[in-house]
Amino acid sequence: MEGSFGSDFAGSGGGKLDPGLIMEQVKVQIAVANAQELLQRMTDKCFRKCIGKPGGSLDNSEQKCIAMCMDRYMDAWNTVSRAYNSRLQRERANM
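Please read all numbers here as calculations on a predicted model, not as lab measurements.

Thoughts on the state of the cysteines
Consideration 1: Under the definition given, this model contains two disulfides.
Consideration 2: The disulfide that involves C46 links it to C69, with 2.0 Å between the sulfurs. Disulfide C46 to C69: torsion about the S-S bond roughly -85 degrees, handedness left-handed. On the criterion of sequence distance, the pair formed by C46 in helix α2 (residues 19–50) and C69 in helix α3 (residues 60–93) is long-range, its members being 23 residues apart. This pair shows no difference in class: C46 is buried, exactly as C69 is.
Consideration 3: Disulfide pairing is shown between C50 and C65; the S-S distance is 2.0 Å. The disulfide joining C50 to C65 has a torsion of about -70 degrees about its S-S bond and is therefore left-handed. You can see C50 sitting in helix α2 and its partner C65 sitting in helix α3, a full 15 residues away along the chain.

If you want it as structure tokens, here you go:
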């Protein structure tokens, strides 16, 4: 994705910048960055919670803890995300 960002700025209009295309590329990059941050935070939080002594493999209780922690984290994130998006929509409708 790194190499394609700059090369796609110009549309078929002879080197003119396409603001719509640029905006879409920025939105995609923001979405990717948000997903990476979510994954990193979830990994850090669940690792600290579930892994007592890091080793070569996870025992059964650590595997269960990690799975449940990640499920809870994603459920909470989805709930907050839906509430935030709903609030944004209400605020936009009141403008």
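Concerning α3
Consideration 1: Between its first and last C-alpha, α3 extends 49 Å over 34 residues, near the 50 Å set by a 1.5 Å rise per residue.
Consideration 2: Those residues of α3 that sit buried are E62, I66, C69 and Y73.
Consideration 3: For α3, the secondary structure elements touched by its buried residues are α2.

Cut-offs applied
Residues numbered from 1 in each chain as written. Predicted model: local features only at pLDDT ≥ 70, side-chain atom pairs only at ≥ 80, totals over all residues. Heavy atoms only, no water. Disulfide = S-S within 2.5 Å. Helix = DSSP H or I, 4+ residues; strand = E, 2+ residues; numbered from the N terminus. Buried < 20%, exposed > 50% of the residue type's maximum accessible area, 1.4 Å probe, protein only. Expected span 1.5 Å × (residues − 1). Contact = heavy atoms within 4.5 Å.

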